[in-house]
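# Fold and geometry: a report
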Amino acid sequence: MLDQIAFLYRDPLFGVAILVAIIVILVFADYGRNKYRAKKHKIALENFTKSYHENSLSDEFVDFLSLAKDPIPPLLLLAKTYARAGDSTYAIKIYLEILEKTKNTQEKIIILESLGITYFEVGFLQRAKNIFLEILKTYPRNVQILGYLVRTHESMGEYQDALDVLECLNEISTPKMRQESANIKAYLHFMLLINSHILSLNKKNKEVISLMHYNNAIRRVAFDYLFLYARELFWEEILKAESVEFCLDILWRFSKEEVPFEMITKHGRRDILDVFVAKGYLDSGTESNFDTESSIATSADSNLSAGVESKAESSAESNFGAGAESKLDSSTRTAESKPDSAPDSAPLFELEVLRVLFAHSKQRGDLVFEYRCHHCKNIFPFDSFRCPMCASVGEMDLIYKIKEVTAQNADNYTTL
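Residues numbered from 1 in each chain as written. Predicted model: local features only at pLDDT ≥ 70, side-chain atom pairs only at ≥ 80, totals over all residues. Heavy atoms only, no water.

## Notes on the packing of helix α11 (residues 201-214) against helix α12 (residues 219-229)
How we decide: Axes here refer to lines fitted to C-alpha atoms; in helices the fit is confined to the stretch in contact. Angles between the N-to-C directions go from 0 to 180 degrees. By the criteria applied, helices consist of DSSP H or I runs no shorter than four residues and strands consist of E runs no shorter than two, each listed in order from the N terminus. Roughly parallel means an angle under 35 degrees; roughly antiparallel means over 145; roughly perpendicular covers 65 to 115; every other angle is labelled oblique. Take the far helix as your reference; a near helix turned counterclockwise from it by less than a right angle gives a left-handed crossing, and one turned clockwise gives a right-handed crossing. By definition in these notes, contact holds between two residues if any of their heavy atoms fall within 4.5 Å.
Two elements in contact, α11 and α12, have axes separated by 9 Å at closest approach and are oriented at 155°. Relative to α12, the element α11 lies roughly antiparallel. At the point where α11 passes α12, the crossing takes the left-handed sense. Contacts from Leu 201, Lys 204, Asn 205, Val 208, Ile 209 and Met 212 in α11 reach Arg 219, Ala 222, Phe 223, Tyr 225, Leu 226 and Tyr 229 in α12.

## Looking at the sheet that holds strand β1 (residues 365-372)
This is how it is decided: At least two DSSP bridges between two strands are required for those strands to pair.
The antiparallel open sheet is built from three strands, whose spatial order is β2-β1-β3. Looking at the sheet topology across the chains shown, the edges are occupied by β2 (379-380) and β3 (397-404). By the bridge criterion, two bridges tie β1 to β2 in an arrangement that is antiparallel. Residue pairing in the sheet places Tyr 371 in a bridge with Phe 380 of β2.

## Digging into the environment of Ile 94
Where we set the bar: Here's how the labels work: a residue is buried when its accessible area is under 20% of the maximum for its type, exposed when over 50%, partly exposed in between, all with a 1.4 Å probe on protein chains only.
Mapped onto the elements of the fold, Ile 94 is located in helix α5 (residues 88-101). According to the relative accessible area criterion, Ile 94 is buried, its value standing at 0%. Along the sequence, Ile 94 and Leu 78 sit 16 residues apart, while their C-alpha atoms lie 8.3 Å from each other.

## Some details on the pattern of salt bridges
The line we're drawing: When a carboxyl oxygen of Asp or Glu is within 4 Å of a side-chain nitrogen of Lys or Arg, the pair counts as a salt bridge.
A full pass over the atoms with the stated rule returns 16 salt bridges. With a closest N to O distance of 2.5 Å, Glu 395 and Arg 219 form a salt bridge. Of this pair, Glu 395 sits in the loop between β2 and β3 while Arg 219 sits in helix α12, placing them 176 residues apart in sequence. Each member of the pair, Glu 395 as well as Arg 219, carries the same accessibility label: buried. Linking Arg 231 and Glu 258 is a salt bridge whose minimum nitrogen-to-oxygen distance equals 3.0 Å. Placement of the pair is Arg 231 in helix α13 (residues 231-238) and Glu 258 in the loop between α14 (248-251) and α15 (261-266), with a sequence separation of 27 residues.

## Focus: the packing of aromatic side chains
Two descriptors summarise a pair of aromatic rings, namely the distance from one centre to the other and the angle between the planes of the rings. Rules: Think of it this way: a Phe, Tyr or Trp ring, Trp meaning its six-membered ring, pairs with another when their centres are within 6.5 Å, and the plane angle makes it stacked under 30 degrees, edge-to-face over 60, tilted otherwise. Two conditions define a charge sitting above a ring: the NZ of Lys or the CZ of Arg must be within 6 Å of the ring centre, and it must be within 35 degrees of the ring normal.
Counted according to the given criterion, the structure contains 18 aromatic pairs. With a centroid separation of 4.9 Å and an interplanar angle of 85°, the aromatic rings of Phe 227 and Phe 254 are classed as edge-to-face. Of this pair, Phe 227 sits in helix α12 while Phe 254 sits in the loop between α14 and α15; the two residues are 27 residues apart in sequence, bridging distant segments of the chain. Classification of Phe 227 by relative accessible area gives buried; the value is 7%. Taking 6.3 Å as the distance between ring centres and 50° as the angle between the ring planes, the aromatic pair formed by Trp 235 and Phe 276 counts as tilted. Placement of the pair is Trp 235 in helix α13 and Phe 276 in helix α16 (residues 270-279), with a sequence separation of 41 residues. The exposure class assigned to Trp 235 is buried, which follows from its relative accessible area of 4%. Taken together, the aromatic side chains of Phe 223, Phe 227, Phe 234, Trp 235, Phe 246, Phe 254, Phe 261, Phe 276 and Tyr 281 make up a single cluster linked through ring pairs. A cation over a ring is seen here: Arg 219 above Phe 246, with NZ or CZ 4.0 Å from the ring centre.

Structural data, given as structure tokens:
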């Protein structure tokens, strides 16, 4: 018996048979383990979806769901239609009801994606985050969900978590997406920096300036921060800028007492001085120190003053009529539509019009600002580094318009 065993052991075919047997056992073991994990994940996914189940829909809807051969596609379309129409509550109910009925794991993931995005859009950020994380357990390379998870963490103020997800997204994104990711990364670092409770205010200010110089895309939010918390550094940095048109709205917020006219004069920044001449803080004669009586300014002065004075005396329905926006095509002018101007160039047309009004008319004008997204071209009354509509990032186009200062708010406007 032992001799037979020894003979088999020495037979080369015996070794091959043992190797094949081991491979077969490993294959079946791996298959069984994957089946067990898939079943376990399916149960976990079902339990997860049940935790979000809310009020049921109508009996007719339930009957359709049970009788239709393939109800998922039309119901998904119906839910998305409700979401686009603004009825997100009913869209969420449809998604939850479908999740309750469907047993297909892949279909559940598709429905969860739509449900998570809908939760995000209506502001249920914690629910959206939970759903996105659950989806990524199954499909960790889902670019769309990774992007939404970054935005969710960002909206919740979890900037470090957003940066961590962004790093994962960069590994699988295209070169074009990486450029936008670089701007988002700079913005997230900026938000993480200014919300830090560890750094001192002086350290924060230095880091903000350093980050702004590293990535120019966040210069507006950085200057807005300096305007609020470090006015001296604001003026130091703005005097170094090639142009100030990108932050004209920030300069417009300064009161007369807060403007360091001597520093501006010392650095020869006529473009900054033009802003405050137009605002009425200085007599236009101050511009003589900067040799500002160019042919363009002189021509605009004579033409505009004649038109403004005649309309102010003859008609209440002037271009600067009560509460109306200027009809000087200023609605189409943006800070980004013009190339950066040198400090000694002619002032903006809108600033020159306001200067002429102060010099030659009893009417008073003011600038109002709007912000236009580079990508989707939607206009907003507020500034935002990330567009509320299309979620693109970066500076928005600054749109400035001339408005009349009426009797109601004239007391709050500085005159010479």
